[in-house]
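# Examining the three-dimensional arrangement
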Amino acid sequence: MELIEPYTFELDCRHTALVILDMQNATCLRHAGYGKALADAGQADAQHDFFERVEQVVIPHQQQLLDYFRRNRLRVVFTASGCLAEDCADAPPHRAVRYRFRSQYVGSPAYGIIGDVRPLPGEVVINKGTVSAFVSTGLDSLLRSWGMRAVLFAGVLTEVCVGGTARHAADLGY
């Protein structure tokens, strides 16, 4: 059997954007959104390891990435998952159920991006109502208008929105 040569590439930071996906109060904080719902149901321990990893690993690493991109004046984009309408009527049905449960719509406390990685003035925040940030937004157009050829993704739900968006990006040629 012939082995396939490993794929190698060089990352040109001038043409690479950092996309921070869905680092929101609804999903990242113990005392808000999903974490609060678990605590209210007497099941706060059910996701203890998840929240500990977010606090101890995910957030510090994202802060380092953000610091590097900001210091070097590179492109940063944030996505916020949720609805535009308070009744969540603008979301696909399978997503609307989650958004209603967490009161996750533009302007709600649950919708906000957590303070530890909050966007700075002038940084782009894109609302999305689907798993892949490329499906329900203008993210691809934005990245192409900036001349981006590569994207680094960071988030908290890697098996869902981060992974789905990354796979979609690969299919789009990033």
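Attention here is on the structure that accompanies the text. (Residues numbered from 1 in each chain as written. Predicted model: local features only at pLDDT ≥ 70, side-chain atom pairs only at ≥ 80, totals over all residues. Heavy atoms only, no water.)

### Details of the overall build of the chain
Selection rule: Helical segments are the DSSP runs of H or I of at least four residues, strand segments are the runs of E of at least two, and each set is numbered from the N terminus. We compute the radius of gyration from the C-alpha atoms alone; for a globule the expected value is 2.2 Å times N to the 0.38, where N is the number of residues. Buried residues are those whose accessible area, probed at 1.4 Å on protein chains only, stays under 20% of the maximum for their type, while exposed residues exceed 50% and partly exposed ones sit between those limits. Two residues form a contact once any of their heavy atoms are found within 4.5 Å. Methods summary: accessible areas were calculated by the Shrake-Rupley approach with a probe of 1.4 Å, and residue burial reflects only the protein chains presented. When charges are tallied, Lys and Arg are placed among the positive residues and Asp and Glu among the negative ones, while His and the ends of the chain are skipped. Where a charge lies is defined by one atom per residue type: Lys uses NZ, Arg uses CZ, Asp uses CG and Glu uses CD.
In terms of regular secondary structure, the chain is built from six helices and four strands. In sequence order, the secondary structure elements of the chain are arranged as β-α-α-α-β-α-β-α-β-α. For the chain, the C-alpha radius of gyration of 17 Å lies close to 16 Å, the compact-globule estimate for 174 residues. On the principal axes, the C-alpha backbone points of the chain span a range of 55 × 40 × 35 Å. The buried share among the 174 residues of the chain stands at 43%. A sequence separation of at least 24 residues applies to 70% of the contacts in the chain between residues at least 6 apart. Summed over its atoms, the accessible surface of the chain is roughly 10,000 Å², and 53% of this surface lies on carbon and sulfur atoms. Side chains of the chain give 17 positive and 19 negative charges; the mean places of these two sets differ by 5 Å.

### Let's talk about the nonpolar core
The nonpolar side chains of a soluble globular protein tend to be buried with one another. Which entries qualify depends on this criterion: Buried Ala, Val, Leu, Ile, Met, Phe, Trp, Tyr and Cys residues form a nonpolar core when they are joined through side-chain atoms within 4.5 Å.
I20, M23 and L66 are the most contacted members of the largest nonpolar core, which has 17 residues in total. Breaking this core down by element, the ones donating at least two residues are β1 (16–21), α3 (48–71) and β2 (76–81). Considering each element in turn, this core owes the most residues, five residues, to α3. If we ignore the near neighbours within four places in the chain, the residues touching M23 are C28, V58, I59, Q62, T79, G112, I113, I114, V117, G155 and V156. The next biggest cluster of nonpolar side chains, apart from the first, holds 16 residues, and it includes V19, I126, L139 and V151.

### Topic: the pattern of salt bridges
As a reminder, the rule being used: A pair is scored as a salt bridge if a Lys or Arg side-chain nitrogen falls within 4 Å of a carboxyl oxygen belonging to Asp or Glu.
One pass over the structure, following the stated rule, counts eight salt bridges. A salt bridge links D140 to R144, with the nearest nitrogen and oxygen atoms 2.9 Å apart. Here D140 and its partner R144 are both found in helix α5 (residues 139–145), four residues apart, which amounts to about one turn of the helix.

### Side note on the packing of aromatic side chains
What counts here: Pairing of aromatic rings covers Phe, Tyr and Trp, the last counted by its six-membered ring, and requires centre-to-centre distances within 6.5 Å; plane angles under 30 degrees mean stacked, over 60 mean edge-to-face, and any other angle means tilted.
Going through the model one piece at a time under the given rule, you end up with three aromatic pairs. Ring geometry for Y68 versus F69: centroids 6.0 Å apart, planes at 75°, classification edge-to-face. Residue class for Y68 comes out partly exposed when judged on its relative accessible area of 36%. Since its relative accessible area comes to 2%, F69 is described here as buried. Between F134 and Y174, the aromatic rings sit 5.9 Å apart at their centres with planes inclined by 25°, giving stacked as the arrangement. Linking F134 in the loop between β3 (124–128) and α5 with Y174 in the segment after α6 (158–171), this pair joins segments that are 40 residues apart in sequence. With respect to class, F134 is no different from Y174; both count as buried.

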